[in-house]
Every structure is written in C-alpha cells, then in structure tokens.
Amino acid sequence: MKKVILVIVCLLGFTSAVFCQNTLNKDDLIGYWKDNTNSTHLFFWKDTNGEIQVQEITATSGEPLDLIVLRVNEDNVFIATQFKPKNWIVESVYTFINKITLKCVVTGDAHDTIYYTKIK
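Residues numbered from 1 in each chain as written. Predicted model: local features only at pLDDT ≥ 70, side-chain atom pairs only at ≥ 80, totals over all residues. Heavy atoms only, no water.

### A look at the layout of surface pockets
Our working definition: A cavity here means a set of points on a 1 Å grid, drawn over the protein atoms and nothing else, where a 1.4 Å probe fits but cannot get out; a pocket is an open set with protein on both sides within 12 Å along at least five of seven lines, and a residue lines either one if it has an atom within 4 Å of a point. Grid points are joined across faces, edges and corners, and a volume is the space filled by probe spheres set on the points. Counting from the N terminus, the helices are DSSP H or I runs at least four residues long and the strands are E runs at least two residues long. Residues are grouped as follows: Ala, Val, Leu, Ile, Met, Phe, Trp, Tyr, Cys and Pro are nonpolar; Asp, Glu, Lys and Arg are charged; all remaining types, including Gly, are polar.
What the largest pocket holds in volume is close to 370 Å³. Together, 19 residues line the largest pocket, and S39, T40, L65, W88 and A110 are the ones closest to its centre. Taken together, the elements giving at least two residues each to the lining of the largest pocket come down to strand 3 (52–58), strand 5 (77–83), strand 6 (88–98) and strand 8 (112–118). For the lining of the largest pocket, the element with the highest residue contribution is strand 6, accounting for four residues. Split into classes, the residues belonging to the lining of the largest pocket amount to nine nonpolar, seven polar and three charged.

### Remarks on the packing of aromatic side chains
Short version of the rule: The pairing test for Phe, Tyr and Trp rings, Trp by its six-membered ring, is centres within 6.5 Å, and the orientation test on the planes gives stacked under 30 degrees, edge-to-face over 60, and tilted for anything in between. To sort residues, take the accessible area from a 1.4 Å probe on protein chains only and compare it with the maximum for the residue type: under 20% means buried, over 50% means exposed, and anything in between is partly exposed. Only lysine NZ and arginine CZ atoms are considered, and such an atom sits over a ring when it is within 6 Å of the ring centre and within 35 degrees of the ring normal.
Taken as a whole, this structure holds three aromatic pairs when the rule is applied. With 6.2 Å between their ring centres and 55 degrees between their planes, W33 and F96 make a pair best called tilted. With W33 in strand 1 (residues 31–35) and F96 in strand 6, this pair connects stretches of sequence that are 63 residues apart. Each member of the pair, W33 as well as F96, carries the same accessibility label: buried. When the ring centre of W88 is taken as origin, the NZ or CZ atom of K86, which lies over that ring, is 4.9 Å away.

### Points about empty space enclosed by the protein
Overall, the coordinates contain one cavity of 30 Å³ or more when judged by the stated rule. Each pocket or cavity is described by its volume, and for the largest cavity that value is around 50 Å³. L42, V54, Q55, E56, L65, L67, I79 and T81 are the residues that line the largest cavity. Mapped by element, the contributors of at least two residues to the lining of the largest cavity are strand 3 and strand 5. With three residues, strand 3 is the largest single contributor of residues to the lining of the largest cavity. Here the lining of the largest cavity is composed, by residue class, of five nonpolar, two polar and one charged.

### Re the sheet that holds strand 5
Keep this limit in mind: Criterion used throughout: strands pair if DSSP finds at least two bridges between them. Working convention: axes come from line fits to C-alpha atoms, limited for helices to the stretch in contact. Angles between N-to-C directions cover 0 to 180 degrees.
Read from one edge of the open sheet, eight strands run 3-2-1-8-7-6-5-4, paired in antiparallel fashion. The open sheet terminates on both sides in strands that have one partner only, identified here as strand 3 and strand 4 (66–72). The sheet shows a mean angle of 25 degrees between the axes of neighbouring strands, direction not considered. Bridging between strand 7 (residues 101–108) and strand 8 involves six bridges; their strand directions are antiparallel. Directly across from K103, in strand 8, lies its bridge partner Y115.

### What about the pairing of strand 8?
Relative to strand 8, strand 1 runs antiparallel, the two sharing three bridges. Looking at strand 8, one finds that W33 is bridged to K118. Here strand 7 hands over to strand 8 after three residues, the two strands then running antiparallel side by side.

### Structural notes on the side chain of T40
As a reminder of what qualifies: Whenever two N or O atoms come within 3.5 Å, that pair is a polar contact, provided that in protein one can donate a hydrogen and the other can accept it, and provided that, for residues adjacent in sequence, both atoms are side-chain atoms.
Mapping T40 onto the fold places it in strand 2 (residues 40–46). For T40, the side chain forms a polar contact with the side chain of E56, separated by 3.1 Å. A distance of 2.5 Å separates a polar atom in the side chain of T40 from a polar atom in the side chain of Y116.

Fair warning: the whole summary comes from geometry, so function is off the table for now.
Right, dumping it as structure tokens:
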C-alpha cells in the first residue's frame, strides 16, 4: 500500500511540474524589451502575415544588429545576430521567466546571461 501511495504522489508531482512550465505565447513577445545591462533593446512585432519579427539595437549607439536567424519554438526564441562594427556573431536563446521578463543566454563572440523587462 505504501508503494502505491508513493507512486501516486510521484505521478502527481511530475504532472504538476510539467503543467507549470512556462510555455511561450508569441503574443506575449510583442512589444519593446529593455535589458538589465543596458547593452541592447529588443522590438518584437507581427508582420502582415502574422509572423513574429524582431529588431535588436545597441543601447549605446542605436545601431541595429543584423538578423541572421529567428526561430520561435514552444519554449524559447532563438536569435542569431551580427554586430558589424566589431564583426561579432552571437546566438541568443530567450525563455520566459514570467510575462514581463525574458532570460537570454548569449553564446558566440560574447558570452553572458541577460534579463529583459517588457516596457511596452
């Protein structure tokens, strides 16, 4: 009997953990996002076909980063960009912490973890 109760408790814990994970709602991305390091700003919008688009600009000079890849998955956003003045190419994976906070893990020519807050 103890084993049955233990199995039920484990299954309930597992299923509640699965349903509590933050899945990405594309509409929650739309808007202006500012990072905690004041290095870049993100702008997400939908084009006329309903596809998510993004523009990332540097916070210091206002120069846009060239978008190489944008891929929106169920649980994250993958963006590869190039910053031409330094010829840096970085890959960024964005995941929702909550509806107004994105966590970004940057790899490539720069490595960092950045948090973005939705402004508008």
